[in-house]
Amino acid sequence: MPKKISLNEFLQRIEEEAKADHSLGLHYVRRPQVMPDKRPLLESLKQKTLTCRLCDLSKTRTNVVFGDGNPYADILFIGEAPGYNEDVQGLPFVGDAGKLLDKNLEAMGLKRSDVYIANIIKCRPPNNRAPLPDEIMACYPHLLRQIETIQPKIIVALGHIAAKTLLKTKASMSEIRGKFFSFSNIPVLPTFHPAYLLRNPADKKKVWEDMQKLLAFLKTGKTET
Ligand code: SF4
């Protein structure tokens, strides 16, 4: 019987294989002098994802929520999974949590069209349950290709599912929130998910502190340790 591996081991393996066979250029993720035309690349990736049936969420979704925003964005926000409104509209972060994210962006002097927003999982889990490890594994290659195409300067991991998937960590959000990590040479800043903030508004201040670190990074190119 084959040895069962953990989700983190599996995700790590997908990344290593993608790097080894050059099917993804993740180890080359750095901004080239001449930017390729990312729009058709991302659109082609989106069209493939829209017909994906790699996991059972394809049976219950209304729409695949690929992601939305500026393909040339410096900042890539990655959340957990689409909710009800996102599933209906086929767009990420369009419910109450999305409105809160918009408010945060506005306070930072940014608009949605300045950033790119995606999720770890592209189809809504029924009743908004947490994505299962098998679903994360199935969807991970879509995310890797998205990251490789966008090549953001920084990824903001919204919530513990996004953070633990990207960072392969079991650490709690309170341990990693507001600190810089790395994913294929791209800085990753985990912070609380807006849906969590709707339930715990007292923590909005912490997210605002994290966003100040994000802005400082964009200005200086330097991460804190
Ligand atoms: S969640 Fe991801 S892997 Fe599963 S069907 Fe949707 S796009 Fe495909």
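Below you will find a few notes about this structure. Everything quoted here is computed from the prediction, not taken from an experiment.

The rules we used
- Residues numbered from 1 in each chain as written.
- Predicted model: local features only at pLDDT ≥ 70, side-chain atom pairs only at ≥ 80, totals over all residues.
- Helix = DSSP H or I, 4+ residues; strand = E, 2+ residues; numbered from the N terminus.
- Rg over C-alpha atoms; globule rule 2.2 N^0.38 Å.
- Buried ≥ 20, exposed ≤ 12 C-beta atoms within 10 Å, placed from the backbone.
- Axes fitted to C-alpha atoms, helices over the stretch in contact; angles between N-to-C directions.
- Parallel < 35°, antiparallel > 145°, perpendicular 65-115°, else oblique.
- Contact = placed C-beta atoms within 7 Å.
- Nonpolar A, V, L, I, M, F, W, Y, C, P; charged D, E, K, R; others polar.
- Near = placed C-beta within 6 Å.
- Expected span 1.5 Å × (residues − 1).
- Pairing = 2+ DSSP bridges.
- Left-handed = near helix turned anticlockwise from the far one by under 90°.

Another point: the overall build of the chain. Counting its secondary structure elements, the chain contains ten helices and six strands. Taken against the 2.2 N^0.38 rule, which gives 17 Å for 225 residues, the C-alpha radius of gyration of the chain at 17 Å falls within 12% of a compact globule. Along the three orthogonal principal directions, the C-alpha set of the chain runs to about 50 × 40 × 35 Å. Burial statistics for the chain: of 225 residues in total, 38% are counted as buried.

The next point concerns the packing of helix α2 (residues 38-50) against helix α6 (residues 133-150). At a closest axis distance of 10 Å, the pairing of α2 and α6 adopts a crossing angle of 170 degrees. If you check the angle between α2 and α6, you find them roughly antiparallel. In this structure, α2 contributes Lys38, Leu41, Leu42, Leu45 and Thr49 to the contact, and α6 contributes His142, Arg145, Gln146, Thr149 and Ile150. Within the contact of α2 with α6, the residues separate by chemical class into four nonpolar, four polar and two charged.

Quick look at the site of the ligand now. Lining the immediate surroundings of the ligand are 15 residues, of which Cys52, Cys55, Ser58, Cys123 and Cys139 lie closest. Elements that contribute at least two residues to the shell around the ligand include exactly α3 (57-60) and α6. Top element by residues in the shell around the ligand is α6. It accounts for four residues. For the shell around the ligand, the per-class residue count stands at nine nonpolar, three polar and three charged.

Compared with the 24 Å implied by 1.5 Å per residue over 17 residues, the 24 Å span of helix α10 (residues 204-220) between its first and last C-alpha is a close match. Taken from the residues just after α10, Gly221 is the one with a positive phi, measuring 75 degrees.

When you tally the buried positions in helix α7 (residues 160-167), you get seven out of eight residues, the bulk of the element. Of all the residues in α7, the buried ones are His160, Ile161, Ala162, Ala163, Lys164, Thr165 and Leu166. Phi for Lys168, located one or two positions after α7, is positive at around 55 degrees.

Looking now at unusual backbone geometry. Leaving glycine out, the prevailing phi sign among residues is negative, and the prevailing peptide bond configuration is trans. In this structure, Phe93 is a non-glycine residue whose phi angle is positive, near 50 degrees. Tracing the backbone shows Phe93 in the loop between α4 (84-89) and α5 (96-107). Phi is positive for Gln151, which is not a glycine, with a value near 50 degrees. Within the secondary structure layout, Gln151 lies in the loop between α6 and β4 (154-158). Judged by the 23 C-beta atoms lying within 10 Å of it, Gln151 is buried.

The strands making up a sheet associate through backbone hydrogen bonding, with each pair oriented either parallel or antiparallel. The mixed open sheet is built from six strands, whose spatial order is β1-β3-β2-β4-β6-β5. Edge strands, defined here as strands with exactly one partner in the open sheet, are β1 (68-69) and β5 (181-183). Pairing between β5 and strand β6 (residues 186-191): three bridges, direction antiparallel. For Phe183, the partnering residue across the bridge sits in β6 and is Ile186. Lying on the sheet, α10 is in contact with β4 and β6; it crosses β6 at an angle near 165 degrees.

Turning our eyes to something else, we now look at the packing of helix α1 (residues 7-20) against α6. Two numbers describe a pair of packed helices, the interaxial angle and the distance between the axes. At a minimum axis separation of 10 Å, α1 and α6 run at an interaxial angle of 25 degrees. Comparing their axes, α6 and α1 come out roughly parallel. Once α1 is placed against α6, the crossing between them reads as right-handed. Along its contact with α1, which presents Leu7, Phe10, Leu11, Ile14, Glu15 and Ala18, the element α6 presents Pro133, Ile136, Met137, Tyr140, Pro141 and Leu144. Per-class residue counts for the contact of α1 with α6 are eleven nonpolar, no polar and one charged.

The next subject is the environment of Pro141. Looking at the element boundaries, Pro141 is found in helix α6. Once the C-alpha coordinates of Pro141 and Glu15 are considered, the two residues, 126 residues apart in sequence, prove to be 8.5 Å apart.

By themselves, these observations are geometric and do not establish any function.
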